[in-house]
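Here is how the chains run, residue by residue.
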Amino acid sequence: DCPGTSSAQAGRAAACQGCPNQRICAGGAAAPDPAEAAELRERLRSVKHTVLVLSGKGGVGKSTFSALLAQGLAADEAKQVALLDIDICGPSIPKMMGLEGEQVHQSGSGWSPVYVEENLGVMSVGFLLSSPDDAVIWRGPKKNGLIKQFLRDVDWGDIDYLIVDTPPGTSDEHLSIVQYLSAAHIDGAVIITTPQEVSLQDVRKEINFCHKVKLPVIGVVENMSGFVCPKCKNESQIFPPTTGGAEKMCQNLNVSLLGKVPLDPQIGKSCDKGQSFLSEAPESPATSSYRNIIQRIQEYCDQRHFQEEKTI
């Protein structure tokens, strides 16, 4: 069992043997440097809410959810939303947001995000590549350095919601983003899964990771949860929940199930075209699920903000 990055046994316990992050934790690199923490705190002090989107494995719709969460929040023109893509080796957010081919511009106050709308800015390593087909072949330290740069050098401005799309798993990038954001504020993580046990098995590890690094779990979203035929309206289970699906897992682990999103072919089409599925298919059952989930995330963030202000 991982002792946690903040433990005195981090990197030294028997459970740490063979872990790819053992040297980082043992060397104390997992603890925030005070000067670095102050710098990040200053840059991110105008960010009101930060939500991480995690998944145990790839292919469960995590980036799709991140994009739609950002678009759904930005539908309220009074809210300023930012979407940060730290999936360094697989940056799909520029494509999904219709920003492929765009480049990052530098100003006196730092890098400027690429804007979809006036109230929705995006940052991704995809904007730094000469071609969408370029492979990012970097070791951990270089990836971690870019994540820090995204937080420290991007001029986000006043942001109501910062959504962070992460790569699958519980490795370098996840430790880094939690470490860097701990200097400022994290509301919590939304974890994406699909109904089958092979996905839930990795999500349990993800939830355990969140507990170890003291990252609050906002809740779990079950993606690809059934398919409603657009013609006959009958529902089919494409990925049968052989062990009870996310609902049973959430009950066992005492975490919230934020909602279930059914399959809809239009979601993939909208992502490929860089369009918002929520706007393109407003009558879809999947759109209704997304809107309910987004509302629950907003309510969680507002309640957490109220409790923190009350404590102060």
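Anyway, here's the lowdown on the structure attached to this text.

Cut-offs applied
- Residues numbered from 1 in each chain as written.
- Predicted model: local features only at pLDDT ≥ 70, side-chain atom pairs only at ≥ 80, totals over all residues.
- Heavy atoms only, no water.
- Buried < 20%, exposed > 50% of the residue type's maximum accessible area, 1.4 Å probe, protein only.
- Helix = DSSP H or I, 4+ residues; strand = E, 2+ residues; numbered from the N terminus.
- Arc of directions from axis to C-beta.
- Contact = heavy atoms within 4.5 Å.
- Core = buried A, V, L, I, M, F, W, Y, C linked by side-chain atoms within 4.5 Å.

### Observations regarding helix H2 (residues 34-44)
In step 1: Inspection of H2 places Glu36, Ala37, Leu40 and Leu44 among the buried residues, and these make up the whole buried set. Buried residues along H2 cover an arc of 100° about the axis, so they all sit on one side. Exposed and facing more than 90 degrees away from the buried side of H2 are Pro34 and Ala35.
In step 2: Contact partners of the buried residues in H2: strand E1 (47-55), helix H5 (140-153) and helix H6 (172-181).

### Considering unusual backbone geometry
Glycine aside, residues mostly have negative phi, and peptide bonds are mostly found in the trans state.
In step 1: At Met224, a residue that is not glycine, the phi angle is positive and equals roughly 55°.
In step 2: Within the secondary structure, Met224 is located in the loop between strand E9 (217-222) and strand E10 (227-228).
In step 3: Even without a glycine there, the phi angle at Asn254 is positive, about 60°.
In step 4: If you trace the backbone, Asn254 turns up in the loop between helix H8 (245-253) and strand E12 (257-260).
In step 5: When its relative accessible area of 71% is taken as the criterion, Asn254 is described as exposed.

### Digging into the nonpolar core
In step 1: Of all hydrophobic cores here, the largest spans 85 residues; its most connected members are Leu52, Phe65 and Ile297.
In step 2: Sorting elements by how many residues they give to this core places helix H3 (residues 62-74) first, with seven residues.
In step 3: Ignoring anything within four residues of it in the chain, the contact list for Ile297 reads Val51, Phe65, Leu69, Val190, Ile218 and Leu258.

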